[in-house]
Amino acid sequence: MNTPKITPDLELDCRDLLCPRPIIELARHVADVEIGQLIGVVAHDVAARTDVPAWCRMRGQEYVGEDTAPDGAPRYVVRRVS
């Protein structure tokens, strides 16, 4: 699933972290942005592709989609809604 390039308000560098660490970092930092703002989770861990949307469903946040960071790494974008 690709979306147009998005500029997150906060980007988490989880490139070297393995499951479940990218999700733990997302949970730790979701309150660092205002409601309506975007968080990008940059992660090479293939599990993040399914874990980030699943976390959003469980936590009532909006999964915006997947794009790539400037270096080409996968980035999963979340909008804080609560």
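Quantities reported herein were computed from a predicted structural model and do not represent experimental measurements.

Chemist: Lay out the pairing of strand β3 (residues 62-68) in plain terms, naming residues and giving numbers.
Modeler: Bridge count between β3 and strand β4 (residues 74-79): six bridges; the pairing is antiparallel. Looking across to β4, one finds that E66 is bridged to Y76. Between the antiparallel neighbours β3 and β4 lie five residues, among them G72 with a positive phi of about 90°.

Chemist: I'd like to hear about the nonpolar core, residue by residue, with values.
Modeler: L26, I39, V52 and W55 are the most contacted members of the largest nonpolar core, which totals 16 residues. At the level of secondary structure, the elements contributing two or more residues to this core comprise α1 (21-29), β2 (38-42), α2 (48-59) and β4. Top element by residues in this core is α2. It accounts for four residues. If we ignore the near neighbours within four places in the chain, the residues touching I39 are P8, L10, L12, L26, H29, V30, V33, Y76, V77 and V78.

Chemist: I'd like to hear about α2, residue by residue, with values.
Modeler: Along its twelve residues, α2 runs 16 Å from first to last C-alpha, staying within 8% of the 16 Å computed at 1.5 Å per residue. Taken together, the buried positions of α2 are A48, V52, P53, W55 and C56. End-on view of α2: buried residues confined to an arc of 155°, all on one side of the axis. Seen from the open side of α2, the exposed residues pointing more than 90 degrees away from its buried face are T50, R57 and M58.

Chemist: Tell me about α1, and please be specific about residues and values.
Modeler: Regarding α1, the residues found buried are P22, I23, E25, L26 and H29. The arc that holds every buried residue of α1, seen down its axis, measures 160°, which confines them to one face. Buried residues along α1 sit in contact with β1 (10-13), β2, α2 and β4.

Chemist: So what's going on with the environment of Y76? Residues and values would help.
Modeler: You can see Y76 is positioned in strand β4. The exposure class of Y76 is buried, given its relative accessible area of 1%. Residues within four places of Y76 in sequence aside, it is in contact with I39, G40, V41, A43, A48, R49, V52, Y63, G65 and E66.

Parameters and conventions
- Residues numbered from 1 in each chain as written.
- Predicted model: local features only at pLDDT ≥ 70, side-chain atom pairs only at ≥ 80, totals over all residues.
- Heavy atoms only, no water.
- Pairing = 2+ DSSP bridges.
- Helix = DSSP H or I, 4+ residues; strand = E, 2+ residues; numbered from the N terminus.
- Core = buried A, V, L, I, M, F, W, Y, C linked by side-chain atoms within 4.5 Å.
- Buried < 20%, exposed > 50% of the residue type's maximum accessible area, 1.4 Å probe, protein only.
- Contact = heavy atoms within 4.5 Å.
- Expected span 1.5 Å × (residues − 1).
- Arc of directions from axis to C-beta.

By themselves, these observations are geometric and do not establish any function.
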